[in-house]
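# Summary of structural features
The residues making up each chain are set out below.
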Amino acid sequence: NEQLILRSEEGKRYIRTLLKEGRAIQFETEVRHRDGGIIWVSINARVVKDSEGNILGYEGTTEDITERKEAERNLEVSADKLRKSLIGTIEVISMMLEMRDPYTAGHQRRVSGLARSIAQELGLQGDVIDSIRIAGNIHDIGKMSVPAEILVKPGRLSEIEMELMKAHPRTGYDILKVVDLPAPTAEIVLQHHERLDGSGYPQGLKGEEILLEAQIMAVADVVEAMASHRPYRPSRGLEAALEEIEKNRGILYHNDVVDVCLSLFRENGFSFEQT
């Protein structure tokens, strides 16, 4: 039989597993040959006892899984490279949009930061928080299809101009749905202007028809937009923005999302400069 040597800590863990469970099923670890080579193995073993329960020894099988482990490692490296490339692409898209609409420069980044903080305070899982962060950074990507003169127009928009502006969530969704982004990033972008009472757009969704992630984005978007300068109006101030979501808590905006957002600013000292 081929002699294999477990590393000290792994050997101790292997023995603890055998003594506690009486067996070790698919125990994966790196081991060293007597000749010094390192391989990965999967061990299936059990404790052999006599009729009185005394340990006589151990028996089992060992499978070389080095190739599988190397394939898994290569896959992780590829996934990491793809993720970094995706993040870079998202940043470029965000920068392109902000070049067309300088008045909202930084808006998406700030919305993303606030939405991420709200999601963290709500105790959502890491992959959900990641989707919210990504969606926040590109939630207005659909404005790429809106004429620049409308984006920077000083004063009230006409009805036709407003309809063009209201189309941006759908346009953003159509752009993102063909990209391999973590679900439900595209849906968050599509729904970030929906409201609990059905008064939002583009689908007029109500209540639980709206993704929680999109409801988080909606609150973050409203607070940042109201607190910032726009071509058609000066900043209304942070407190006015917080009063807006507080007044419409449970009407337009999710109760828990509003409560967490208010707490972040009023009790935890959150500011957009942190994002």
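Here goes a summary of the coordinates provided.

Thresholds, definitions, all that
- Residues numbered from 1 in each chain as written.
- Predicted model: local features only at pLDDT ≥ 70, side-chain atom pairs only at ≥ 80, totals over all residues.
- Heavy atoms only, no water.
- Core = buried A, V, L, I, M, F, W, Y, C linked by side-chain atoms within 4.5 Å.
- Buried < 20%, exposed > 50% of the residue type's maximum accessible area, 1.4 Å probe, protein only.
- Helix = DSSP H or I, 4+ residues; strand = E, 2+ residues; numbered from the N terminus.
- Contact = heavy atoms within 4.5 Å.
- Arc of directions from axis to C-beta.
- Phe/Tyr/Trp six-rings, centres within 6.5 Å; stacked < 30°, edge-to-face > 60°.
- Lys NZ or Arg CZ within 6 Å of the ring centre and 35° of its normal.
- Expected span 1.5 Å × (residues − 1).
- Patch = residues over 30% accessible without salt bridge, like charges linked within 9 Å, V, L, I, M, F, W, Y side chains within 5 Å.
- Areas by Shrake-Rupley, 256 points an atom, 1.4 Å probe, with all protein chains shown as cover.
- Salt bridge = Lys/Arg side-chain N within 4 Å of Asp/Glu carboxyl O.

## Observations concerning the nonpolar core
- Counting residues in hydrophobic clusters, the biggest one holds 41 residues, and the most contacted among them are Leu 114, Ile 118, Val 219, Val 223, Ile 245, Cys 261 and Phe 265.
- Taken together, the elements giving at least two residues each to this core come down to α2 (66–100), α3 (107–121), α4 (126–138), α7 (168–176), α8 (185–191), α9 (212–227), α10 (238–247) and α11 (255–266).
- Membership of the second largest hydrophobic core comes to 10 residues, among which are Tyr 14, Leu 18, Phe 27 and Val 31.

## Considerations on the side chain of Lys 69
- Topologically, Lys 69 is positioned in helix α2.
- Apart from residues lying up to four places away in sequence, Lys 69 is in contact with Glu 28 and Trp 40.

## A short note on α10
- By the burial criterion, the buried members of α10 are Ala 241, Leu 242, Glu 244 and Ile 245. Looking straight down α10, one finds that the buried residues subtend no more than 150° of arc, so they occupy a single side.
- In this fold, the buried residues of α10 make contact with α9 and α11.

## Side note on the packing of aromatic side chains
- If you walk through the whole model with that rule in mind, you get 3 aromatic pairs.
- Ring centres 5.1 Å apart and planes at 85° place the aromatic pair Phe 265 and Phe 270 in the edge-to-face group.
- On the basis of relative accessible area, Phe 265 is assigned to the buried category, the value being 10%.
- Ring-pair connections join several aromatic residues into one group, and the members of that group are Phe 265, Phe 270 and Phe 272.
- In this structure, Lys 69 packs its charged tip against the face of Trp 40, placed 4.6 Å from the ring centre.

## Points about α9
- With 16 residues, α9 extends 23 Å between its outermost C-alpha atoms, agreeing within 8% with the 22 Å of an ideal straight helix rising 1.5 Å per residue.
- The buried fraction of α9 is high, at 14 of 16 residues.

## Things to note about a nonpolar patch on the surface
- On the surface, Ile 15, Leu 19, Ile 55 and Tyr 58 cluster together into a nonpolar patch covering about 370 Å² of accessible area.
- Counting residues per element, the ones that place at least two in the nonpolar patch are α1 (8–21) and β4 (55–64).
- Secondary-structure assignment places Leu 19 in helix α1.

## Remarks on the environment of Thr 61
- Here Thr 61 is to be found in strand β4.
- Remark: the alpha-carbon pair of Thr 61 and Met 165, spanning 104 residues in sequence, is separated by 66 Å.
- Discounting chain neighbours no more than four positions away, the residues touching Thr 61 are Ser 42, Ile 43 and Asn 44.

## Quick look at unusual backbone geometry
- Tyr 201 connects to Pro 202 through a cis peptide bond whose omega is 10°.
- Assignment of secondary structure puts Pro 202 in the loop between α8 and α9.
- We note that Gln 26 has phi near 50°; this positive angle belongs to a residue other than glycine.
- Mapped onto the elements of the fold, Gln 26 is located in strand β2 (residues 23–33).

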